[in-house]
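So you can see what is in the structure, the chains are spelled out below.
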Amino acid sequence: MGELSDLRVAVAGLGPMGRGIARVFAQAGAAVVIVDADAETTAAGHAKLLEEADSPIDVTTAASVGDAVREADLFVEAIVEKFEAKQALLAQVRAAGNTGLVVASNTSSLSIGELGRAYGDPSRVVGMHFFNPPTKMRLVEIIRGARTAPDIVERARAWVAGLGKTAVLCADSPNFIVNRVCRPLYYESQLLVTQGVAPAVIDAAVKGALGHRMGPLELLDFTGLHTHLGSSETALREFGDPRYRPIPLTRQLVRAGTTGRAAGRGYYDYSAGKPREAQSAVVRRPAGPEEVTVYRTNTCTPSDVAALRELEGRVALDSSHGGWVEHLPAGVGWVRLHRGGEGLFAEVVADEVAGIEPAYDIADALGAASVPVLALPGLVVDRLGWTMINEASTLVEEQIATAEDIDLALRLGMNHPAGPLERLAEAGPAEVLAGLRGLLECFGDPRYRPAQLLVRQAAGAAR
Ligand SMILES: NC(=O)c1ccc[n+]([C@@H]2O[C@H](COP(=O)([O-])OP(=O)(O)OC[C@H]3O[C@@H](n4cnc5c(N)ncnc54)[C@H](O)[C@@H]3O)[C@@H](O)[C@H]2O)c1
């Protein structure tokens with residue numbers, strides 16, 4: 001007997017998500033009934049579901065969605081992502097007359113409030129956003145519409161716990177938590193490509209320094225650039241904020257049909273090998289550490305340069321946003337050091353005057369794996385890190401989710417070793433704010449406008 005043996009669940013839509021959701025409920029002991037658009041697709045979905053299950057499961061089929069929900073406690077819809085289709089389906093569910101039913105949608109982008117109106121009783125409609133594949137991913141984002149009743153949200157949370165999964169709570173806002181906080185990760189990595197940094201370098205830096213399992217460009221290729229472009233257009237329309245506008249390069253690649261892995265080419269050329277191979281090729285791995293003086297600074301003013309000249313031996317400037325190349329004295333390498341999952345990881349800066357050799361020399365001496373980057377504010381890693389922190393701070397500021405839930409969501413939904421607000425606590429709000437202001441000054445783009453919460457936190461920390 002599983003945790004949910006008293007629960008009766010109806011699932012509509014037997015694509016990969018609906019099948020996975022039906023399976024996790026059945027495995028937790030719930031009585032599950034499934035339905036797709038017609039008898040034929042329902043039968044095919046049922047057969048596929050049984051074939052996918054690693055242990056025998058008991059799932060029944062219904063002839064119509066009305067039949068499926070009549071005796072159910074919970075209805076989960078996972079049909080195509082089209083409002084009109086979901087609207088028609090919800091009207092059929094409502095017509096079945098089960099007033100005690102909790103109605104959950106697995107939508108990735110539609111408004112729960114609007115689906116609530118389509119159902120006719122918004123108080124009973126909640127978002128249950130499972131991640132793909134539902135059988136493996138532990139996270140479920142629970143979305144409360146403006147009129148969702150609190151006890152319905154609580155019941156959804158309790159059922160998620162009964163599945164052995166973790167629920168995070170989110171207000172009804174486009175992209176919810178994980179996909180929203182990751183927006184700048186995708187935008188900034190593509191902007192960096194436009195500005196001359198190779199995709200393999202960006203992905204290798206993110207994996208080596210931030211411990212992400214996949215680099216952002218590899219992930220974009222995997223999802224499909226057309227899908228990303230669509231979600232960027234939606235974000236721009238919904239938020240009405242130019243910071244969400246799509247990157248011209250994305251549009252260009254989509255128009256050329258190079259939409260990613262499925263197309264054979266996107267940011268990587270899949271006929272030339274795996275992204276992992278291209279990434280290893282750009283990482284330099286030295287033999288072991290030697291003696292080096294590391295001078296940590298966020299700016300590089302003439303007085304910093306004077307201080308550097310006082311130091312003996314090899315000197316590394318550990319800075320991501322302040323290294324004005326013309327201030328760097330000869331022999332000083334500009335590197336940004338990160339304590340990654342596998343030890344020290346360095347971004348080495350190709351300096352216009354000194355070249356890259358002094359920086360490589362220093363990274364090697366420190367025993368740090370390294371990638372070559374361009375002298376752009378925030379280099380690669382901090383720029384992606386700061387903008388994600390800023391997005392996460394905006395969510396907290398707008399009361400879309402709590403800091404704890406955001407960190408949990410990024411850890412479980414994206415396998416990030418630390419959440420963005422944990423990273424904020426580590427770096428300190430003053431450093432992140434200074435970094436964002438540096439980007440804003442340099443590029444004049446509202447993408448880098450700091451969240452007011454961050455401004456207040458930095459002011460608070462200074463007092
Ligand atoms: N694929 C993902 O990674 C992912 C992740 C999270 C959430 N989602 C969301 O989950 C939902 C389903 O995603 P998917 O990738 O499994 O979709 P899919 O398009 O692969 O499958 C949808 C299924 O719904 C069926 N269907 C269509 N209209 C129907 C109707 N009126 N009644 C019953 N069944 C109907 C289709 O026949 C099909 O089997 C979407 O809302 C999507 O946005 C998807």
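Keep in mind it's a predicted model, so treat the numbers as computed, not measured.

Draft legend 1. Geometry of the packing of helix α4 (residues 83-95) against helix α5 (residues 112-119). Put simply, α4 and α5 touch, their axes get as near as 8 Å, and they point 45° apart. Classified by the interaxial angle, the pair formed by α4 and α5 is oblique. By crossing handedness, the relation of α4 to α5 is classed as right-handed. Judged by residue contacts, F83, K86, Q87, L90, V93 and R94 of α4 engage E114, L115, A118 and Y119 from α5. Broken down by class, the residue content of the contact of α4 with α5 amounts to 6 nonpolar, 1 polar and 3 charged.

Draft legend 2. Quick peek at the sheet that holds strand β1 (residues 8-12). Spatially, β3-β2-β1-β4-β5-β6-β7-β8 is the arrangement adopted by the 8 strands of the open sheet, whose pairing is mixed. Sheet topology places β3 (59-61) and β8 (166-171) at the edges, where each strand pairs with a single neighbour. Averaged over neighbouring strand pairs, the angle between their axes works out to 25° when direction is ignored. Here α4 sits on the sheet in contact with β1, β4 (74-77) and β5 (102-105), set at roughly 165° to β4. Set on the sheet, helix α17 (residues 403-414) makes contact with β7 (139-144) and β8; between it and β8 the angle comes to about 125°.

Draft legend 3. Main features of the domain arrangement of the protein. Partitioning the protein into structural domains gives domain 1 (8-172), domain 2 (179-279) and domain 3 (293-373). Domain 2 puts 5 residues into the contact, and the matching count from domain 3 is 8 residues. Summed over both sides, the interface of domain 2 with domain 3 buries roughly 490 Å², with 78% coming from carbon and sulfur. It is V201, G208 and A209 that lose the most area in domain 2 upon contact with domain 3, and together they represent 66% of the buried surface on that side. Taken together, the connections running from domain 2 to domain 3 amount to 0 salt bridges. If you look at where domain 2 meets domain 3, you find 0 residue pairs in polar contact (both at pLDDT 80 or more). Grouping the constituent residues of the side of domain 2 that touches domain 3 by class yields 4 nonpolar, 1 polar and no charged.

Draft legend 4. Region of interest: the site of the ligand. Within the structure, the ligand sits among 19 residues, and M17, D36, E81, K86 and N106 are positioned closest to it. Contact distances for the ligand include 2.8 Å between an oxygen atom and a side-chain N or O atom of N106. One of the side-chain N or O atoms of S108 is found 3.0 Å from an oxygen atom in the ligand. Contact with the protein chains removes 71% of the 840 Å² of surface that the ligand exposes when unbound. Those elements that place two or more of their residues in the shell around the ligand are α1 (16-27), α4 and β6 (125-130). Across the shell around the ligand, the residue classes tally to 9 nonpolar, 7 polar and 3 charged.

Draft legend 5. Representation of the nonpolar core in the model. Core analysis: the largest hydrophobic core is formed by 94 residues, its most contacted members being F75, I177, Y267, I406 and L410. In terms of residue count, helix α9 (residues 199-210) provides more of this core than any other element does, 8 residues in total. Not counting residues up to four positions away in its chain, the partners in contact with Y267 are Q190, V193, P199, L217, L220, D221, L225, L249, T250 and L253.

Draft legend 6. The environment of V201, seen in detail. Examined against the element boundaries, V201 turns out to sit in helix α9. Accessibility expressed as a relative area gives 5% for V201, which makes it buried. Sequence spacing of V201 and G29 is 172 residues, and the spatial spacing of their C-alpha atoms is 47 Å. Other than its neighbours up to four places away in sequence, V201 contacts V282, V371, P372 and V373.

Draft legend 7. Representation of the pattern of salt bridges within the structure. Under the criterion given, the structure shown has 20 salt bridges. For R251, the salt bridge identified is with E233, shortest N-O distance 2.9 Å. Taken together, the residues span a long stretch of sequence, with R251 in helix α12 (residues 248-255) and E233 in helix α11 (residues 225-239) at a distance of 18 residues. Using a relative accessible area of 28% as the deciding quantity, one classes R251 as partly exposed. Note on E233: relative accessible area 34%, which makes it partly exposed. For E422, the salt bridge is made with R411, and the minimal N-O distance between the two is 2.9 Å.

Draft legend 8. Summary view of the side chain of N175. In this structure, N175 sits in the loop between β8 and α7 (178-181). There is a polar contact of 3.2 Å between the side chain of N175 and the side chain of R183. Once residues within four sequence positions are removed from consideration, N175 is found in contact with R180, R183 and A235.

Draft legend 9. Looking closely at the packing of aromatic side chains. All chains considered together, the criterion is met by 4 aromatic pairs. Here the aromatic rings of F25 and F130 are separated by 6.4 Å at their centres, their planes lie at 65°, and the arrangement is edge-to-face. Taken together, the residues F25 in helix α1 and F130 in strand β6 connect sequence positions 105 residues apart. Note on F239 and Y244: the rings are 4.8 Å apart at their centroids and 35° apart in plane angle, and the pair reads as tilted. Across the ring face of Y119, the terminal group of R94 is positioned such that the distance to the ring centre comes to 5.3 Å. Above the face of the Y187 ring, R447 is positioned so that its terminal group lies 5.2 Å from the ring centre.

Basis of the calculations
- Residues numbered from 1 in each chain as written.
- Predicted model: local features only at pLDDT ≥ 70, side-chain atom pairs only at ≥ 80, totals over all residues.
- Heavy atoms only, no water.
- Axes fitted to C-alpha atoms, helices over the stretch in contact; angles between N-to-C directions.
- Helix = DSSP H or I, 4+ residues; strand = E, 2+ residues; numbered from the N terminus.
- Parallel < 35°, antiparallel > 145°, perpendicular 65-115°, else oblique.
- Left-handed = near helix turned anticlockwise from the far one by under 90°.
- Contact = heavy atoms within 4.5 Å.
- Nonpolar A, V, L, I, M, F, W, Y, C, P; charged D, E, K, R; others polar.
- Pairing = 2+ DSSP bridges.
- Domains from an automatic or database assignment.
- Buried area = accessible area lost by both parts, 1.4 Å probe.
- Salt bridge = Lys/Arg side-chain N within 4 Å of Asp/Glu carboxyl O.
- Polar contact = N/O pair within 3.5 Å; in protein donor to acceptor, adjacent residues only side chain to side chain.
- Near = heavy atom within 4 Å.
- Areas by Shrake-Rupley, 256 points an atom, 1.4 Å probe, with all protein chains shown as cover.
- Core = buried A, V, L, I, M, F, W, Y, C linked by side-chain atoms within 4.5 Å.
- Buried < 20%, exposed > 50% of the residue type's maximum accessible area, 1.4 Å probe, protein only.
- Phe/Tyr/Trp six-rings, centres within 6.5 Å; stacked < 30°, edge-to-face > 60°.
- Lys NZ or Arg CZ within 6 Å of the ring centre and 35° of its normal.

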